[in-house]
Amino acid sequence: MNERPLVSAVITTYRRPAETVRRSLESVVSQSYENMEIFVVNDFPDDKTLVMELERLTKEYDAKRKIYYLVVEKNGGACKARNLALSKAEGKYFLCLDDDDEWLPHKVWLQVEQAERHPKAAIVYGNAWIQYVERNVRELLFKEPQPTGDIFGEILAKNCIGSCSFPLFRTEMLREVGGFHEDMPALQDWELYLRLLKRYEAAYVREPVAVYYFYDGERISAHPENRVKAFEKIHREFQKEIQEDRKSGSSFYLMGTYFYSLAGDRKKAWHYYVLGVRNSPWEIRRNLKDLCRMVGRRWIRPSKV
């Protein structure tokens, strides 16, 4: 590539201290890829002190990068904040970063190179380090190479891409599917990947491209009822595809078992477990393992935080 395409990157932040956001911003500003525009979107306008602190933070990097600091009029969640940046983005590619995660220095370079090689790919995803904060342990998200091309079946079975901080999106294709759905109460990343990969392909970068900070409190999802609502929305949206692909549909149903178990709805958890087994009865080891997990979760109290 003689002339590198423009890349648009957005950091969305909500009630996060400026110094935490600095780590994320620094990881974007320090990218080896040069032709970038950066949006920092503050989704918490009520804290005027934080609004000013984040503005000062972004101005510190004015000389290094083209940075736009945006403050939403009213809090609306990460998807709304990302859509605000998407509406203003001029880049051929669009990337997101959560305010407490960070990118590795060659992330954008590696993913743009893959995207340019695969013009049918709407998403270029990559490996990542998962940092378990309390235990100070780091491990790779993927131990083996991941699928490329038409991976809709894989993403229907589970979110095999991970956090929205990991992939690169082709801006035109992202806009064609309607951007980020702001009415999703949870599972926003998975739902977006499904919409994109139903129509387009994916490419993969084997090298780690980001660091995801995992806190022990995330082991049992906060607001499990939101995940249940989101799962049901995805079920309705892709019901036809789930029914047609029995193998992927089976794994999808077992995801329902997981979400309803955490929410404490044993009846619905069992319902989805039966659907999962019916669609793929020959996977005996997996089915037994999920049964044991479902029964074991009866001792877990869902978080209401």
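These notes cover the structure that comes with them. These figures come from a predicted structure and were not determined experimentally.

### Details of the packing of aromatic side chains
- All told, the structure shown has 21 aromatic pairs when counted by the stated rule.
- Relative to Y204, the ring of F142 has its centre 6.0 Å away and its plane inclined at 75 degrees; by these criteria the two rings are edge-to-face. In this pair, F142 is assigned in the loop between β7 (137–140) and α5 (152–157) and Y204 in strand β9 (residues 201–214), connecting sequence segments 62 residues apart.
- Here the aromatic residues W190, F231, F252, Y253, Y258, F259, Y260 and Y272 are joined through ring pairs into a cluster of three or more.
- Over the ring of Y213 we find R23, and its NZ or CZ is 3.9 Å from the ring centre.
- Lying over the aromatic face of W103, K107 brings its terminal NZ or CZ to 4.6 Å of the ring centre.

### Remarks on the state of the cysteines
- Across all of its chains, the model carries zero disulfides by this definition.
- You can see C79 has no disulfide; the closest cysteine sulfur is in C164, sitting 7.6 Å from it.
- We classify C79 as buried; its relative accessible area is 6%.
- No disulfide involves C96; its nearest neighbouring cysteine sulfur is the one of C164, lying 4.2 Å away.
- For C96, a relative accessible area of 1% puts it in the buried group.

### Thoughts on the packing of helix α10 (residues 246–263) against helix α12 (residues 284–296)
- Running from N to C, α10 and α12 point in directions that differ by 15 degrees, and their axes come no closer than 10 Å. Between α10 and α12, the crossing angle belongs to the class labelled roughly parallel. With respect to the hand of their crossing, α10 and α12 are arranged in left-handed fashion. Residue-level inspection shows S250, S251, L254, T257 and S261 of α10 in contact with α12, the latter providing R286, N287, D290 and M294.

The rules behind the values
All residue numbers refer to positions counted from 1 along the written sequence of the respective chain. Per-residue local features of the predicted model are confined to residues with pLDDT of at least 70, and side-chain atom pairs are confined, for both listing and counting, to 80 or more; whole-chain, interface and lining totals are unaffected and use all residues. With hydrogens and water excluded, all non-hydrogen atoms of the structure serve as input to the side-chain values. Each pair of aromatic rings taken from Phe, Tyr and Trp, with Trp reduced to its six-membered ring, is defined by centres within 6.5 Å and is described as stacked if the planes are under 30 degrees apart, edge-to-face if over 60, and tilted in the remaining cases. Strands are runs of DSSP state E lasting at least two residues, helices are runs of H or I lasting at least four, and both sets are numbered from the N terminus onward. Distance and angle both matter: a charge sits over a ring if NZ of Lys or CZ of Arg is within 6 Å of the ring centre and within 35 degrees of the ring normal. Pairs of cysteine sulfur atoms within 2.5 Å are what we label disulfides. The rule is simple: take the accessible area with a 1.4 Å probe, protein chains only, and divide by the maximum for that residue type; under 20% is buried, over 50% is exposed, in between is partly exposed. Structural elements are reduced to axes, namely lines fitted to C-alpha atoms, with helices fitted over the stretch in contact, and the angle between N-to-C directions of any two is expressed from 0 to 180 degrees. Between 65 and 115 degrees an angle is taken as roughly perpendicular, under 35 as roughly parallel, over 145 as roughly antiparallel, and anywhere else as oblique. By definition, any crossing whose near helix is turned counterclockwise from its far helix by less than a right angle is left-handed, and any crossing with a clockwise turn is right-handed. In this analysis, two residues are considered to be in contact whenever any of their non-hydrogen atoms come within 4.5 Å of each other.

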